[in-house]
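Examination of the molecular architecture
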Amino acid sequence: MAADAKAGFDAVARARTALQGFEPYDPAFTPSRINLSANENTHELPATFTAALRDAMVATPLNRYPDPMANELRDLLAERHGVERGSVMVGNGGDELLFNLFFTFGGAGHALITCPPDFSEYANFAKMCEMPVRSVWRDAETFDADADALVAAAQAEDAAMVVLTSPNNPTGNLADPALVRRLLDETNVLVLLDEAYVEFAGEDKSLVSWVAENPRLIVLRTFSKAFGLAGLRVGYLVADPAVVDMLGAIRQIYSEDVIAQSVACAAVARREELAPVVADIVAERALLAEGLAAIEGVKVWPSAGNFLLVRLAGASRVRARLRDEYSILVRDFSYAPGLNDCLRITVGTHDENAELLAAVTQLAREEA
Ligand SMILES: *Cc1c(COP(=O)(O)O)cnc(C)c1O
């Protein structure tokens, strides 16, 4: 009988053991007037930039398969970073590249070392890939990585990869180049430097130029943040050609669709036009940080990204009331170890930030 057949069916029990605790990722965002929850670029981009991207999109035929290796885009990115095409790999967002890196270089006996609080997808994806995860916690107050502990962890026999995020999400601080240097010199692990937000710190803070001399260094970048293209799903990494070849061998061959490739090409070609937008976000970041810090009971950490980490009493309630009473969405990190009573607020436009500030000023007073 159909009903019995259904009652006896347990898909989870049939799944790969390592995957049995996972649930669908559905943040079920409440549609909000002002969404400052996902570190997207909420600013209007220059009309010439958006027009060029629209033209590229419209001109793209859909009947042919994409170029699996996205060579035109790789060439433009290679030129941008002064490397060869063979040092660039493109992915369906940085997320796909993270997964593929852990799938390729992880597994039993090949551990990932992370520095939480950091991007939760690292541990998630690593666990899916049956890659053991070791946490080297950041300083509870400054969120600086513990250099000696990290180097020691990376010297363990089964250590395969260290991931450092610069600027770090959600704490906003840059990785110390001296620590990256030590990891390259004093250990034998792959060093994954996630620079998803580095444009907001200044391109001079990027260590992508180190890749040429350091085959164990992998630098991850994305179009989702400064480029304002989170919905397009394009990320890339710069690494040794042998690393890129491994990733090229295991990737889902058509994961980067034709529209994503052609629009990303147009975006790279016109990237200079985004400089004023990034400069504006950086200026707004300073204003917002100042405004939040002036509210009694609110602590703001310095940030090199397009977001601010703040701590205030009753953060979860403040977050819910921002959503329900002001239709403003921010990200609650209260549940995360080391981040009790913390919210992460994306830097929005001047008007969005002003509304956020007014609302937090009011709520902080009421929830104190
Ligand atoms: C946003 C983000 C990424 C990449 O996001 P994609 O949209 O998948 O490109 C990678 N690392 C960190 C820390 C991020 O915050």
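In what follows, the accompanying structure is described. Being a predicted model, the structure only gives us computed values, none of them experimental.

**A look at the packing of aromatic side chains**
Across all of its chains, the model carries 9 aromatic pairs by this definition. Summarising the aromatic geometry, the rings of Y65 and Y254 are spaced 4.5 Å apart at their centres and angled 20° between planes, so their arrangement reads as stacked. Of this pair, Y65 sits in the loop between α3 (47–58) and α4 (71–81) while Y254 is found in the loop between α9 (241–250) and α10 (258–269), placing the two residues 189 residues apart along the sequence. What makes Y254 partly exposed here is its relative accessible area of 38%. With a centroid separation of 5.4 Å and 80° between ring planes, the pair formed by F119 and Y122 is classed as edge-to-face. Overall, the relative accessible area of 22% leaves F119 in the partly exposed class.

**Examining the site of the ligand**
Near the ligand you find 14 residues, and of these G94, D194, T222, S224 and K225 are the closest. One of the side-chain N or O atoms of Y197 is found 2.7 Å from an oxygen atom in the ligand. The contact in question runs from an oxygen atom of the ligand to an N or O atom on the side chain of R233, over 2.7 Å. A total of 380 Å² of accessible area belongs to the ligand in isolation, and the protein chains cover 94% of it. When residues of the shell around the ligand are assigned to their parent elements, the largest contribution, 3 residues, is made by helix α5 (residues 93–105).

**Examining the sheet that holds strand β13 (residues 342–346)**
What holds strands together in a sheet is hydrogen bonding between their backbones, with the strands either parallel or antiparallel. Across the sheet, 4 strands lie side by side as β9-β10-β13-β12; this open sheet has antiparallel pairing. The sheet terminates laterally at β9 (299–300) and β12 (331–332), the two strands that pair on one side only. The pairing of β12 with β13 spans 2 bridges and is classified as antiparallel. Looking at β13, one finds that D332 is bridged to L343. The sheet strands contacting helix α11 (residues 275–293) are β9, β10 (307–311) and β13, and the helix crosses β10 at an angle near 10°.

**Focus: the side chain of E121**
Looking at where E121 falls in the secondary structure, it is placed in helix α6 (residues 120–128). As a buried residue without a salt bridge, E121 has its nearest oppositely charged side chain in R331, at a separation of 8.1 Å.

**A short note on the side chain of N353**
Within the fold, N353 resides in helix α13 (residues 350–367). Of note is the side chain of N353, whose polar atom sits 3.1 Å from the side chain of E284.

**Notes on the pattern of salt bridges**
One pass over the full model with this rule turns up 18 salt bridges. Linking E355 and R33 is a salt bridge whose minimum nitrogen-to-oxygen distance equals 2.9 Å. Of the two residues, E355 is situated in helix α13 and R33 in the loop between α2 (11–14) and β1 (34–35); the sequence distance between them amounts to 322 residues. For R33, a relative accessible area of 49% puts it in the partly exposed group. Across the pair E199 and R221 runs a salt bridge, and its minimum N-O distance is 3.5 Å. Here R221 lies in strand β7 (residues 217–222) and E199 lies in the loop between β6 (190–194) and β7, a separation of 22 residues in the sequence. Each member of the pair E199 and R221 is classed as buried. Each of R80, E195, E199, E203 and R221 takes part in salt bridges that share partners, so that together they form one network.

What counts and how
Residues numbered from 1 in each chain as written. Predicted model: local features only at pLDDT ≥ 70, side-chain atom pairs only at ≥ 80, totals over all residues. Heavy atoms only, no water. Phe/Tyr/Trp six-rings, centres within 6.5 Å; stacked < 30°, edge-to-face > 60°. Helix = DSSP H or I, 4+ residues; strand = E, 2+ residues; numbered from the N terminus. Buried < 20%, exposed > 50% of the residue type's maximum accessible area, 1.4 Å probe, protein only. Near = heavy atom within 4 Å. Polar contact = N/O pair within 3.5 Å; in protein donor to acceptor, adjacent residues only side chain to side chain. Areas by Shrake-Rupley, 256 points an atom, 1.4 Å probe, with all protein chains shown as cover. Pairing = 2+ DSSP bridges. Contact = heavy atoms within 4.5 Å. Axes fitted to C-alpha atoms, helices over the stretch in contact; angles between N-to-C directions. Lys, Arg positive; Asp, Glu negative; His and termini not counted. Salt bridge = Lys/Arg side-chain N within 4 Å of Asp/Glu carboxyl O.

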